[in-house]
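Below, each chain spelled out in residue letters.
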Amino acid sequence: MSRTTIRDPRAAAAQGTPAGIVSRLLANAIDFGVVWIIYFAILIAVAAVRFLVERHGFRIEAPNPLVTVVGQWLVVVLYLGSGWSTTGRTVGKTVLGLRVLTADGKPLAPPRAFARALLCASFYPGLLWIIVSPKNAALHDVAFRTQVIYDWSTVPIVETAGPATS
Amino acid sequence: MDDITTHAVRVRTLPARRDEPDTVAATARRGADLGIGAATLASRALTSTLDRLWPGSTPDHGAPSITRRVARAATGAALATQSRLLDAAETMEQVAHQTVTTARRVPVVRDVLVGIDASIDRWSERADAETGRREEATLEFLAALVPAMTQAVLERVDLPTLVQQLPLAEIIAAVDLPALLDRLDVPTLLDHVDLDAILDRIDVDAVLDHVDVNRVLDRVDPDRLLDRVGVDRLLDRVGVDRLLDRVGVDRLMDRVDVERLLARVDLDAMMAQVDLGPIVDRVLDDVDIGGIVRESTGSITTDAMDGARISAMRLDGFVARIVDRTLLRSGNRARDVSPPPFEDHTP
């Protein structure tokens, strides 16, 4: 099922151009929510396993801050890296109609996708570089020669990615 | 010689019919008989009329007077004498004819007679031509006279009064309409009728005001009427559009009692005849309800998502413009970014 029509003419004209700071921040906020859900699910799963092992008192324990930070960082890297290396999208980018590609318009290979996710998860303020970048590029875009474009199409990237045009 | 031969043939007379010899005397006899008959009738009519209508006279059914008897006797004697004279003339004519025929066999006489015959023929032809011309003139005169006279008579006749005096009701009552209709060749009749011209002259509304439709319908046998009328041919000749132009449809509809009409329609019976099952099946086959639900919910979701995306896009542009102006950066941002690899971004 692929989307073929975009009724708003300005939105249609903007397809393929680099996304701005607001769209990307919103997408990241959604992704952050998704990460929290995943992390909470992991906690539930751990509690369930402990309940099954210890056989008494099902409780979800909050891990210490270091574990939480490291755990969440790990989830973010895995979540973002797997999304960008497959469809070029995470849940947040899907909602906002964005897609991550290389600077020459190709899908990201897994190493580059995970490396980008690593940098992104380690240094969130790098996103703010979009504001001043003439190409709407964040720091991790500059570092790994990637771009985030408006792309409302629903076609999987592996089917549609063609040769670079620039 | 050709002339002589031709004329010799012409003077040969055809044998007379035995019962009615074609002689001058026979013709005279017929003329005399006719004249005497007519004179007798006229005389009798005159006498009878005078006897009945002359002021003061009374019809006398008694024995005729001596004078009348003598007059009748004299008439009888005159008729007998005329008959004898005509017999004698006829005999003489036949003898003369026979004599001429016999004499014609003698060559000398025949030559003389041929000359005489030629002369007679010429004068006969002249007579035919002259009389023909006069006949034509007379016929022309009569042809002009009769219409003029008819016109004069019609002008002097008071037709409306005459019509009023006619016992029309009795005449109509005496007419055997079914028999008359049986004898009418309606299709041929319709071929000769200019219906459009007739309709133009009819004030339909006025006619309808005067017609008691129910009474008319009571007297009509529809089957028989339809059998006799070639409906298709009739419709071919009727200018339906012109007819509709003349009919006040609104006025007609005002006179139609719709509720009464509907009250006569048996809806239940009508519905009982309709097999709804296959119709519903066909409708459901044609209508993809699942698809409609999917599309409608999908479009709602898509619309909401598009709204959010467009809002974010505008904010992107807004922020970018502010930053670009602050940094004194000219031109639109990120123009040199490569286009996407996707081709389904059709507006």
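Quick note: structure is the one above.
Owing to the predicted nature of the structure, the values given are computational and were not obtained by experimental measurement.

Analysis parameters
- Residues numbered from 1 in each chain as written.
- Chains lettered and ligands numbered in written order.
- Predicted model: local features only at pLDDT ≥ 70, side-chain atom pairs only at ≥ 80, totals over all residues.
- Heavy atoms only, no water.
- Patch = residues over 30% accessible without salt bridge, like charges linked within 9 Å, V, L, I, M, F, W, Y side chains within 5 Å.
- Areas by Shrake-Rupley, 256 points an atom, 1.4 Å probe, with all protein chains shown as cover.
- Salt bridge = Lys/Arg side-chain N within 4 Å of Asp/Glu carboxyl O.
- Helix = DSSP H or I, 4+ residues; strand = E, 2+ residues; numbered from the N terminus.
- Buried < 20%, exposed > 50% of the residue type's maximum accessible area, 1.4 Å probe, protein only.
- Core = buried A, V, L, I, M, F, W, Y, C linked by side-chain atoms within 4.5 Å.
- Contact = heavy atoms within 4.5 Å.
- Expected span 1.5 Å × (residues − 1).
- Lys, Arg positive; Asp, Glu negative; His and termini not counted.
- Polar contact = N/O pair within 3.5 Å; in protein donor to acceptor, adjacent residues only side chain to side chain.

Draft legend 1. Structural detail: a nonpolar patch on the surface. Residues and elements named next belong to chain B. A surface patch of nonpolar side chains, about 920 Å² in accessible area, is lined by Met271, Val274, Leu276, Ile279, Val280, Val283, Leu284, Val287, Ile289, Ile292 and Val293. Broken down by secondary-structure element, the contributors of at least two residues to the nonpolar patch are helix H18 (276–286) and helix H19 (289–326). The residue Val283 is located in helix H18 in this model. Overall, the relative accessible area of 46% leaves Val283 in the partly exposed class.

Draft legend 2. Representation of the nonpolar core. Counting residues in hydrophobic clusters, the biggest one holds 28 residues, and the most contacted among them are Ala11, Leu80, Trp84, Leu98, Tyr150 and Trp152 of chain A together with Met313 of chain B. For this core, the elements supplying multiple residues, two or more each, are helix H1 (9–14), helix H2 (21–54), helix H3 (65–86), strand S1 (98–102), helix H5 (110–122) and strand S2 (146–150) of chain A together with H19 of chain B. For this core, the element with the highest residue contribution is H3 of chain A, accounting for six residues. What Met313 of chain B contacts, discounting residues up to four positions off in sequence, is Ala11, Ala14, Gln15, Ser23, Tyr150 and Trp152 of chain A. Ile21, Val22, Ile130 and Ala138 of chain A belong to the second largest nonpolar core, which has five residues in total.

Draft legend 3. Molecular detail of unusual backbone geometry. All names here are of chain A. Positive phi is not limited to glycine here, since Arg55 has a value of about 70°. The residue Arg55 is located in the loop between H2 and H3 in this model. According to the relative accessible area criterion, Arg55 is exposed, its value standing at 68%. Even without a glycine there, the phi angle at Arg145 is positive, about 50°. Mapped onto the fold, Arg145 is located in the loop between helix H7 (139–144) and S2. For Arg145, a relative accessible area of 54% corresponds to the exposed category.

Draft legend 4. Structural detail: H2 of chain A. End to end, H2 of chain A covers 48 Å across 34 residues, agreeing with the expected 50 Å (1.5 Å per residue, within 8%). Looking at the residues trailing H2 of chain A, positive phi occurs at Arg55 of chain A, about 70°.

Draft legend 5. Spatial organisation of the pattern of salt bridges. Overall, the coordinates contain twelve salt bridges over all chains when judged by the stated rule. Two residues, Asp87 of chain B and Arg29 of chain B, come together in a salt bridge whose shortest N-O distance is 2.2 Å. A residue pair is termed long-range when its members are at least 10 positions apart, and Asp87 of chain B in helix H3 (residues 66–103) and Arg29 of chain B in helix H2 (residues 24–53) qualify at 58 residues. In this structure, a network of salt bridges that share partners links the residues Arg50, Glu54, Arg59 and Glu61 of chain A.

Draft legend 6. Up close: the side chain of Asp316 of chain B. The residue Asp316 of chain B is located in helix H19 in this model. For the buried residue Asp316 of chain B, which engages in no salt bridge, the nearest side chain bearing the opposite charge is Arg24 of chain A, 8.6 Å off. At 2.4 Å, the side chain of Asp316 of chain B and the side chain of Ser23 of chain A are in polar contact. Sequence-distant contacts of Asp316 of chain B, defined by excluding residues within four places in its chain, comprise Ala19, Gly20, Ile21, Val22, Ser23 and Tyr150 of chain A.

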